[in-house]
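# A look at the structure
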Amino acid sequence: MPGAYWIAHVTVTDPDAYGKYAALAGAPIAAHGGRFLARAGRYVQLEGNDRARNVLAHFPSVDAAVACYHSAEYQAALSHARGASVRDLVVVEAVE
């Protein structure tokens, strides 16, 4: 299987609460085979809506990425991001 990418674009509105999310989210992502390729680094917005935090994670499959999102551990982490950010998140199957 070619794997999949988890692409998130985020505007953080409460850095303290969002920091708790960021600290807790890594473990469930790794447990589902995910690894970060980009996480809040330098970026250049060329089109569309600008969100200052951009995250790219690779998973072994679309199913693994979706299972991670719905896992109890990730949802517990995500509870800190709700109300502390505006987020767009999509899972995209890789072509290679």
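Preceding this section is the structure that the text describes.
What counts as what
Residues numbered from 1 in each chain as written. Predicted model: local features only at pLDDT ≥ 70, side-chain atom pairs only at ≥ 80, totals over all residues. Heavy atoms only, no water. Phe/Tyr/Trp six-rings, centres within 6.5 Å; stacked < 30°, edge-to-face > 60°. Helix = DSSP H or I, 4+ residues; strand = E, 2+ residues; numbered from the N terminus. Buried < 20%, exposed > 50% of the residue type's maximum accessible area, 1.4 Å probe, protein only. Polar contact = N/O pair within 3.5 Å; in protein donor to acceptor, adjacent residues only side chain to side chain. Contact = heavy atoms within 4.5 Å.

## A few points about the packing of aromatic side chains
Under the counting rule described, the total for this entry stands at six aromatic pairs. Residues W6 and Y74 carry aromatic rings whose centres are separated by 5.2 Å and whose planes lie at 65° to one another, so their mutual orientation is edge-to-face. With W6 in strand β1 (residues 4–12) and Y74 in helix α3 (residues 72–81), this residue pair connects regions lying 68 residues apart in the sequence. Consider the rings of Y18 and Y21, whose centres lie 5.0 Å apart with planes at 50°: the pair is tilted.

## Some remarks on the environment of G83
Structurally, the position occupied by G83 is in the loop between α3 and β4 (85–93). Residues G83 and A67, 16 residues apart in the sequence, show an inter-C-alpha distance of 23 Å.

## Focus: the side chain of S85
The topology assignment puts S85 in strand β4. Residue classification places S85 among the buried positions, given a relative accessible area of 14%. Polar contacts involving the side chain of S85 include one to the main-chain carbonyl oxygen of A81, which spans 2.9 Å. Sequence-distant contacts of S85, defined by excluding residues within four places in its chain, comprise V10, T11, V12, T13 and Y18.

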